[in-house]
Amino acid sequence: MASAKRVLLKLSGEWFAGKKEKGFDEKMFERISSAIDFTKQKKIQLGIVLGGGNIFRGRDLKDIKIDRVSADYIGMLSTIMNGIALSNFLREKGHSNKLFSSFAIGNFVQAYNTEDALNALMNEKVVLLVGGIGNPLFTTDSTASIRANELEVDFMLKATNVNGVYDIDPKENPKAKKFENLTFDDAINQNLQVMDQTALCFCRDNNLQVRVFNADEKDGFEKAISGDEIGTLLKN
């Protein structure tokens, strides 16, 4: 995978919590800021889709019988909280950015519009994308795959806490096999859980390459953004 001019990064909410179970870890925000410094040096436009698992996950309400639709709406609001926090942090670091939600929140979070987001990218602003796609029953992986195509990125990055895609969970089985390259069809047929099936199908059908990498690896963001062969490359 060669270097790119425009990249979309999917960050899980859990990653923001760092070693904490919930909330924010400033070290993780600092790492994003450093990665953005790198994109500026390389003149790479960057969009970031944020999850909300550090604040709330739908399964947290399972025991009190909150339905999936309502839980997903709460999850969308969690991603918006992350976006507001990250946007403010980046601004304090001197990183111009634009926060877009799939739906407007009062007068302080703009509703997503593809043209506005593209203009922000071309004006060298980091684009933060929150609120999922605005509908329940879809994951933020699906959101990332849709936004990546709308914003015409060169490739998509999915930051995880393992160094790629494996046939089984490497944390539970040391004999797990890592894939250096993997087709979307193989990921779907083997039910590898790297992304939800909707996101995998959407990336496949739109010929969008996705690199899955370990966000905790030293210089992991910089390597992935540069197109280095780390983690696992998903493609047709």
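Attention here is on the structure that accompanies the text.

Conventions and cut-offs
Residues numbered from 1 in each chain as written. Predicted model: local features only at pLDDT ≥ 70, side-chain atom pairs only at ≥ 80, totals over all residues. Heavy atoms only, no water. Helix = DSSP H or I, 4+ residues; strand = E, 2+ residues; numbered from the N terminus. Rg over C-alpha atoms; globule rule 2.2 N^0.38 Å. Buried < 20%, exposed > 50% of the residue type's maximum accessible area, 1.4 Å probe, protein only. Contact = heavy atoms within 4.5 Å. Areas by Shrake-Rupley, 256 points an atom, 1.4 Å probe, with all protein chains shown as cover. Pairing = 2+ DSSP bridges. Polar contact = N/O pair within 3.5 Å; in protein donor to acceptor, adjacent residues only side chain to side chain. Axes fitted to C-alpha atoms, helices over the stretch in contact; angles between N-to-C directions. Parallel < 35°, antiparallel > 145°, perpendicular 65-115°, else oblique. Left-handed = near helix turned anticlockwise from the far one by under 90°. Core = buried A, V, L, I, M, F, W, Y, C linked by side-chain atoms within 4.5 Å. Arc of directions from axis to C-beta.

## Let's talk about the overall build of the protein chain
- Of the regular secondary structure elements, the protein chain holds 8 helices and 11 strands.
- For 236 residues, the compact-globule formula gives about 18 Å, and the C-alpha radius of gyration of the protein chain, at 17 Å, lands near that figure.
- The principal-axis extents of the C-alpha atoms in the protein chain amount to approximately 50 × 50 × 35 Å.
- Counting over 236 residues, the protein chain shows a buried share of 49%.
- Within the protein chain, contacts between residues separated by at least 24 positions form 71% of all contacts whose residues are at least 6 apart in sequence.
- Carbon and sulfur atoms make up 47% of the accessible area of the protein chain, which amounts to about 11,700 Å² in all.

## Overview of the pairing of strand β1 (residues 6-11)
- Within β1, 6 of the 6 residues are buried, which leaves the element mostly enclosed by the surrounding structure.
- Neither face of β1 is open: one carries R6, L8 and K10, the other V7, L9 and L11, and all of them are buried.
- Pairing of β1 with strand β2 (residues 45-50), which is carried by 6 bridges, proceeds in the parallel orientation. By the bridge assignment for β2, L9 is matched with I48.
- Where β1 and strand β6 (residues 155-160) come together, 4 bridges link them in parallel fashion. Residue pairing for β6: V7 is matched across the bridge by F155.

## With respect to helix α5 (residues 140-150)
- Within α5, 8 of the 11 residues are buried, which leaves it mostly tucked inside the rest of the structure.
- Taken together, the buried positions of α5 are T140, D141, S142, T143, A144, S145, R147 and A148.
- Considering only its buried residues, α5 is in contact with β1, β2, α3 (68-92), β5 (126-130), β6 and α7 (197-205).
- Among the residues of α5, the N-terminal cap falls to T139, whose side-chain oxygen and the backbone nitrogen of D141 are separated by 3.2 Å.
- Two residues or fewer past α5, E152 is found with a positive phi of approximately 55°.

## Some words on the packing of helix α2 (residues 26-42) against α3
- At a minimum axis separation of 10 Å, α2 and α3 run at an interaxial angle of 60°. By the criterion of interaxial angle, the relationship of α2 to α3 is oblique. Once α2 is placed against α3, the crossing between them reads as right-handed. On α3, the residues that touch E26, F29, E30, I32, S33 and I36 of α2 are A85, L86, F89 and L90.

## A short note on the pairing of strand β10 (residues 210-214)
- Counting buried positions along β10 gives 5 out of 5 residues, so the element sits mostly inside the fold.
- In β10, alternate side chains face the same way, and those of V210, V212 and N214 on one face and R211 and F213 on the other are all buried.
- Sheet topology note: the β6/β10 ladder contains 5 bridges and is parallel. Counterpart to L157 in the pairing with β10 is R211.
- The sheet contact formed by β10 and strand β11 (residues 232-235) spans 3 bridges and is antiparallel. Bridged to V210 within β11 is L234.

## A closer look at the side chain of T79
- With respect to the secondary-structure elements, T79 resides in helix α3.
- Beyond its immediate stretch of four places on either side in the chain, T79 contacts L50, G51, G52, V130, G131, G132 and T140.

## Some thoughts on the nonpolar core
- Membership of the largest hydrophobic core comes to 34 residues, with the highest contact counts inside it found for L9, L11, I32, I48, F213 and F221.
- Elements with a contribution of two residues or more to this core: β1, α1 (13-16), α2, β2, α3, β5, β6 and α8 (220-226).
- Ranked by the residues each element gives to this core, the list is headed by α2, at 6 residues.
- Counting residues in each nonpolar core, the second largest holds 31 residues, with A117, L121, F179 and L192 among its members.

## What to know about helix α4 (residues 114-122)
- Buried within α4 are the following residues: A117, L118, A120 and L121. On an axial view of α4, the arc spanned by its buried residues comes to 160°, and they lie on one face.
- Elements in contact with the buried residues of α4: β1, β2, β3 (97-101), β5 and α5.
- At the exit of α4 stands E124, carrying a positive phi of roughly 65°.

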